[in-house]
Amino acid sequence: MNINQKVIRVDEVSKDLLNVFLEPYKDDCKYLKKAQFQYLDSRNIVDDSQINKQGLWLIKADFSIAESCYITDTGHFNSVEFNICYNQLFYVMIAYLLENQLLEVMKHWDLEIYKRRQLSDFLIVKFSSAFKKPINSNKFKGTLSINKYSSRRNLIILKTSCAFSDDNDGCSEGDVTIAILDSKLETNIDSFHKTTVA
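Residues numbered from 1 in each chain as written. Predicted model: local features only at pLDDT ≥ 70, side-chain atom pairs only at ≥ 80, totals over all residues. Heavy atoms only, no water.

1. A closer look at the overall build of the protein
Moving on, step 1. Scanning the protein for helices and strands turns up 4 helices and 8 strands.
Moving on, step 2. Each helix and strand of the protein, ordered N terminal to C terminal, gives the series β-α-β-α-β-α-α-β-β-β-β-β.
Moving on, step 3. Counting over 198 residues, the protein shows a buried share of 44%.
Moving on, step 4. The long-range fraction of contacts in the protein, counting pairs at least 24 apart against all pairs at least 6 apart in sequence, stands at 74%.
Moving on, step 5. Total accessible area on the protein is roughly 10,700 Å²; 47% of this is exposed by carbon and sulfur atoms. (Helix = DSSP H or I, 4+ residues; strand = E, 2+ residues; numbered from the N terminus. Buried < 20%, exposed > 50% of the residue type's maximum accessible area, 1.4 Å probe, protein only. Contact = heavy atoms within 4.5 Å. Areas by Shrake-Rupley, 256 points an atom, 1.4 Å probe, with all protein chains shown as cover.)

Right, dumping it as structure tokens:
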């Protein structure tokens, strides 16, 4: 993910959108506080091979974890919190893309359909993360990009990258592939290992 890619427009994600799509989380687990969607300059992308390096869309957010929801305070951002924060950022990004009709492969979805299928039809099929320097979980930022999308049969596949950082050079990053069940028909997701985004 190239987080320094030129941004040509920034749009605040509405609080209403955040509230609706973070609603499944308990109040003390709503770590994402505000988000900005960033429109990237794609004019210098020559071919598809550059997309994975640059990203199609980018969202940035402020996070705060006052207290861990599952363990005594470790004093730093950990792998479970990484996963939760990724999920929240991903859910909000998809909501924004659908609200603004930006994601061609999901053009037949609207926010009502998405809300109904938010938990049941989104699966993590590949997840990797790396922690380069401890992050202060009280205040940090997150960035997520969708690098590539495709569809096959009744599946939509999104390849994403994310990074988290704080003001003291704390840093972690990861790559996540999401499969979306695009039909209520029985779907075979081949050899993908299924883990529900939650």
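2. Remarks on the side chain of Asn147
Moving on, step 1. With respect to the element layout, Asn147 can be found in strand 5 (residues 140-152).
Moving on, step 2. With a relative accessible area of 4%, Asn147 lands in the buried category.

3. Quick word on unusual backbone geometry
Moving on, step 1. We note that Gln101 has phi near 50°; this positive angle belongs to a residue other than glycine.
Moving on, step 2. Tracing the backbone shows Gln101 in the loop between helix 3 (79-99) and helix 4 (111-117).
Moving on, step 3. Take Gln101: its relative accessible area is 74%, and that puts it in the exposed class.
Moving on, step 4. Positioned with a positive phi, Arg153 is a non-glycine residue whose angle comes to about 50°.
Moving on, step 5. Note that Arg153 resides in the loop between strand 5 and strand 6 (155-165).
Moving on, step 6. Judged by relative accessible area, Arg153 falls into the exposed class, the value being 72%.

4. What to know about the pairing of strand 7 (residues 171-181)
Moving on, step 1. Most of strand 7 sits inside the fold, with 8 of its 11 residues counted as buried.
Moving on, step 2. Strand direction decides the pairing type here: strand 4 (residues 122-133) and strand 7, joined by 10 bridges, are antiparallel. Opposite Lys133, over in strand 7, you have Cys171 as the bridge partner.
Moving on, step 3. Alignment of strand 6 against strand 7, held across 11 bridges, turns out to be antiparallel. Along strand 7, the bridge assignment pairs Leu155 with Leu181.
Moving on, step 4. Between strand 6 and strand 7, which follow one another and run antiparallel, lie 5 residues, and Asp169 among them has a positive phi close to 70°. (Pairing = 2+ DSSP bridges.)

5. A short note on the packing of aromatic side chains
Moving on, step 1. Enumeration over the complete set of coordinates arrives at 21 aromatic pairs.
Moving on, step 2. Measuring from ring centre to ring centre gives 5.8 Å for Phe82 and Phe127, while their planes differ by 85°; the resulting arrangement is edge-to-face. Of this pair, Phe82 sits in helix 3 while Phe127 is found in strand 4, placing the two residues 45 residues apart along the sequence.
Moving on, step 3. Taking the centre distance of 5.9 Å and the plane angle of 75° together, the rings of Trp109 and Phe122 count as edge-to-face. Within this pair, whereas Trp109 is found in the loop between helix 3 and helix 4, its partner Phe122 is found in strand 4, the two being separated by 13 residues in sequence.
Moving on, step 4. Residue classification places Trp109 among the buried residues on the basis of a relative accessible area of 6%.
Moving on, step 5. Phe122 gets classed as buried once you look at its relative accessible area, which sits at 0%.
Moving on, step 6. For Arg9, the ring lying beneath its charged end belongs to Tyr39, and the centroid distance is 4.3 Å.
Moving on, step 7. The cationic tip of Lys115 hangs over the ring face of Phe21; the distance from NZ or CZ to the ring centre is 5.8 Å. (Phe/Tyr/Trp six-rings, centres within 6.5 Å; stacked < 30°, edge-to-face > 60°. Lys NZ or Arg CZ within 6 Å of the ring centre and 35° of its normal.)

Geometric values such as these leave the question of function open.
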